[in-house]
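One-letter residues, chain by chain:
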Amino acid sequence: EKESTKADLDSQLQGHGATLKAATSELMATDKYISSLHAECDWLLQYFDVRKAARTDEIDSLGKAKAVLSGADYALLQTSSRAFLQRRQ
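Residues numbered from 1 in each chain as written. Predicted model: local features only at pLDDT ≥ 70, side-chain atom pairs only at ≥ 80, totals over all residues. Heavy atoms only, no water.

Engineer: Where do I start with the overall build of the protein chain in this structure?
Structural biologist: When helices and strands are tallied, the protein chain shows three helices and zero strands. Taken from N to C terminus, the helices and strands of the protein chain fall in the order α-α-α. Within the protein chain, buried positions represent 1% of all 89 residues. (Helix = DSSP H or I, 4+ residues; strand = E, 2+ residues; numbered from the N terminus. Buried < 20%, exposed > 50% of the residue type's maximum accessible area, 1.4 Å probe, protein only.)

Following this line, the structure appears as structure tokens:
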């Protein structure tokens with residue numbers, strides 16, 4: 001009876017050891033995934049202002065393009081911006 005109990009406990013121990021190994025492997029994979037998410041979030045936070053400005057500029061450009069296609073004339077605005085950037089001699 002003791003030997004059968006010991007055999008049962010040994011088999012349970014081996015089963016728990018395999019479960020522990022699988023759980024440890026899963027934990028390591030989860031930690032790696034969380035680490036990659038953390039790096040991605042850091043990148044998003046670091047470049048948020050740049051990306052926000054780019055989106056704003058793109059929305060503004062799309063609005064101007066839509067206005068030009070609708071018949072608005074932006075020739076005067078372009079001329080004045082060129083005059084602003086010219087060198088004085």
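Engineer: Looking at this model, I keep getting lost on helix α2 (residues 48-69). Mind explaining?
Structural biologist: With 22 residues, α2 extends 31 Å from end C-alpha to end C-alpha; this agrees with the ideal 32 Å at 1.5 Å per step. Backbone geometry just after α2 places Gly 71 at a positive phi near 115 degrees. (Expected span 1.5 Å × (residues − 1).)

Engineer: So what exactly am I meant to see when it comes to the packing of aromatic side chains here?
Structural biologist: Inspection of every chain in the model, using the stated rule, returns one aromatic pair. Residues Trp 43 and Tyr 47 carry aromatic rings whose centres are separated by 5.3 Å and whose planes lie at 45 degrees to one another, so their mutual orientation is tilted. (Phe/Tyr/Trp six-rings, centres within 6.5 Å; stacked < 30°, edge-to-face > 60°.)

Engineer: What should I look at first to understand a nonpolar patch on the surface in this one?
Structural biologist: On the surface, Trp 43, Leu 44, Tyr 47 and Val 50 cluster together into a nonpolar patch covering about 380 Å² of accessible area. By relative accessible area, which is 33% here, Leu 44 ends up partly exposed. (Patch = residues over 30% accessible without salt bridge, like charges linked within 9 Å, V, L, I, M, F, W, Y side chains within 5 Å. Areas by Shrake-Rupley, 256 points an atom, 1.4 Å probe, with all protein chains shown as cover. Salt bridge = Lys/Arg side-chain N within 4 Å of Asp/Glu carboxyl O.)

Engineer: Looking at this structure, I do not really get the confidence of the model for the protein chain. What am I missing?
Structural biologist: Detailed reading of the predicted coordinates is not advisable wherever pLDDT falls low. When pLDDT is averaged along the protein chain, the result is 85, and 80% of the positions lie at 70 or above. In the model of the protein chain, helix α3 (residues 75-85) stands out as the element of lowest mean pLDDT, 55, in contrast to α2, which has the highest, 94. (pLDDT = per-residue confidence, 0-100.)

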